[in-house]
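Observations on the three-dimensional arrangement
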Amino acid sequence: MDPDPADPADPDPEPGLGPIDPDGALFTYDPPGELPGFDYRNNVNVANRSGFGWAGSDELPRDFVFAPGLTWPLDGPGYAHTQVYRPGGSESGVGGAGGSGECDARNFDYPWEDNFCEHRGTATRNLFCPNNARGHHVGQDIRPQQCTRNFPLENRQMAVAVTDGYISSVASMTVRLRGVDGRIYWYMHLEHWDDCNLAALSTPAQCNAANLPSVCSRSALEVEPGQDGRAGDPIGRVSNWFGVGWSNGACRRSMTTDHLHFEIRDTIDPDGSFTASTIPVPPYTSLVTAYLRYIGADEDDFPDWEEAEF
Ligand SMILES: [Zn+2]
């Protein structure tokens, strides 16, 4: 949702890793806190507020790969970036990102950035974010290969399953995949419905995502709850879907920017202890290793990161 620039917690992170940029990799990637000129305690350069990130613990270092062996979740290249503090984002002005809106080329280019624990105006707490405080982003935002917000549905980029598993639920803007590895993977903002007559939802009470099946011709997703699938199977199209909302006297499509919000949920806390219910864990390192495999990088160039066992 909307980030709250007036709410900068003042995290006191552990020292970060050095820059990681293996020779031979086809892209560069920036762990949180390692961006040029970045200073955790000085938010003057607010654009770099994306990615306070997971600071690491004795048990789980910052470069820990929580979900090793994932398939890259898109059927083409993609760009891990904050979708709010860069061009076209709701906080692009705060960061001085400028640009020409969300289709600005800088949103579709390397290097990647980690935006787990980015400041947001949410009530979300997360044990992996500074002080377990509220107001953090607990996934990774990923731009598709190109700006596709005005493309027809069938031409937008497909999100795919990161592992074998089954679709454990489909909510108003989230598809959840329960992997055979026991983790749950959240895909948000995929296009959920196609060919909708929103005007038929003529009161604020009717303007609810639960009523969309009655006014849309078909699901835009490739999956249904309970469906089994394999890694790489299509799930749905990357979009700016944010459900529907009543505004200016009509039921309208609510929108974020065009991106995939991806989360990994696991029963592990920062001490490496078991948690009774799944919580969002830092996804960035898992996505980097998935992407290195996707682009065919030499295994010798993979970072020597510790991986979770399961
Ligand atoms: Zn997000």
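Residues numbered from 1 in each chain as written. Predicted model: local features only at pLDDT ≥ 70, side-chain atom pairs only at ≥ 80, totals over all residues. Heavy atoms only, no water.

Remarks on the state of the cysteines
One pass over the full model with this rule turns up four disulfides. Put simply, C196 and C216 are joined by a disulfide, and their sulfur atoms are 2.0 Å apart. Between C196 and C216, the disulfide has an S-S torsion of 105° and is therefore right-handed. Taken together, the positions of C196 in strand β9 (residues 193-196) and C216 in strand β10 (residues 216-219) put the pair 20 residues apart, joining distant regions of the chain. Covalently, C207 is tied to C251 through a disulfide, its sulfur atoms 2.1 Å apart. For the disulfide bridge between C207 and C251, the dihedral angle about the S-S bond is near 75°, and by the sign convention the bridge is right-handed. Here C207 is found in the loop between β9 and α2 (212-215), whereas its partner C251 is found in strand β14 (residues 250-268), with 44 residues between them in sequence. Classification of C207 as buried rests on a relative accessible area of 9%. Cysteine pairing for the protein (bonded cysteines numbered in sequence order): 1-4, 2-3, 5-7, 6-8. (Disulfide = S-S within 2.5 Å. Helix = DSSP H or I, 4+ residues; strand = E, 2+ residues; numbered from the N terminus. Buried < 20%, exposed > 50% of the residue type's maximum accessible area, 1.4 Å probe, protein only.)

What to know about the nonpolar core
Nonpolar side chains in soluble globular proteins tend to be buried together. Formed by 46 residues in total, the largest nonpolar core has its most connected members in Y185, Y187, L190 and F262. Counting only elements with at least two residues in this core, the list comes to β7 (174-179), β8 (184-188), β14, β15 (274-281) and α3 (284-294). Top contributing element to this core by residue count: α3, with six residues. The next biggest cluster of nonpolar side chains, apart from the first, holds 13 residues, and it includes M173, M188, W241 and C251. (Core = buried A, V, L, I, M, F, W, Y, C linked by side-chain atoms within 4.5 Å.)

What to know about the coordination of the zinc ion
Those donors, H137 (NE2), D141 (OD) and H261 (ND1), are the protein atoms that reach the zinc ion, and they lie 1.9 to 2.0 Å from it. As a motif over one chain, the donors of the zinc ion read H-x3-D-x119-H. A residue pair is termed long-range when its members are at least 10 positions apart, and H137 in the loop between β3 (112-113) and β4 (140-143) and H261 in strand β14 qualify at 124 residues. The exposure classification of H137 matches that of H261, with both residues buried. (Donors = N, O, S within 2.8 Å, 3.2 Å for Na, K, Ca; no water.)

A few points about the packing of aromatic side chains
All told, the structure shown has 10 aromatic pairs when counted by the stated rule. Aromatic ring contacts, followed pair by pair, group W72, W112, Y284, Y291 and Y294 into a single cluster. Across from the ring centre of W186, 3.6 Å away, lies the NZ or CZ of R265, which sits over that ring. (Phe/Tyr/Trp six-rings, centres within 6.5 Å; stacked < 30°, edge-to-face > 60°. Lys NZ or Arg CZ within 6 Å of the ring centre and 35° of its normal.)

Let's talk about the pattern of salt bridges
Enumeration according to the criterion identifies 13 salt bridges in this entry. The salt bridge involving E113 is made with R86; its shortest N-O contact spans 3.2 Å. Within this pair, whereas E113 is found in strand β3, its partner R86 is found in the loop between β2 (79-80) and α1 (92-95), the two being separated by 27 residues in sequence. In this structure, E113 and R86 share a single accessibility class: buried. Where salt bridges share partners, they join E102, R143 and R149 into one cluster. (Salt bridge = Lys/Arg side-chain N within 4 Å of Asp/Glu carboxyl O.)

A look at the confidence of the model for the protein
With 80% of its residues at a pLDDT of at least 70, the protein reaches an overall mean of 81. Below pLDDT 50 for its whole length, residues 1-25 participates in 51 contacts with residues either more than four positions away or in separate chains. Confidence drops under a pLDDT of 50 for residues 33-48, and excluding neighbours within four residues, the segment shows 30 contacts in the predicted structure. (pLDDT = per-residue confidence, 0-100. Contact = heavy atoms within 4.5 Å.)

Points about unusual backbone geometry
A positive phi angle, near 70°, is found at C117, a position not held by glycine. With respect to the secondary-structure elements, C117 resides in the loop between β3 and β4. You can call C117 buried: its relative accessible area is 0%.

Some details on the environment of L260
Topologically, L260 is positioned in strand β14. Sequence separation between L260 and Q157 is 103 residues; the distance between their C-alpha atoms is 10.0 Å.

A look at the pairing of β4
Burial along β4 is two-sided: the residues Q140 and I142 and D141 and R143 are all buried. Both β2 and β4 contribute to a ladder of two bridges, which runs antiparallel. For Y79, the partnering residue across the bridge sits in β4 and is R143. Here β4 pairs with β14 via three bridges, running antiparallel. Pairing of I142 across the sheet is with L260, part of β14. (Pairing = 2+ DSSP bridges.)

Quick notes on the pairing of β8
With respect to burial, β8 is a largely interior element, five of its five residues being buried. Burial along β8 is two-sided: I184, W186 and M188 and Y185 and Y187, pointing in opposite directions, are all buried. Here five bridges tie β7 to β8, and the two strands are oriented antiparallel to one another. Paired with L177 across the strands is Y185, a residue of β8.

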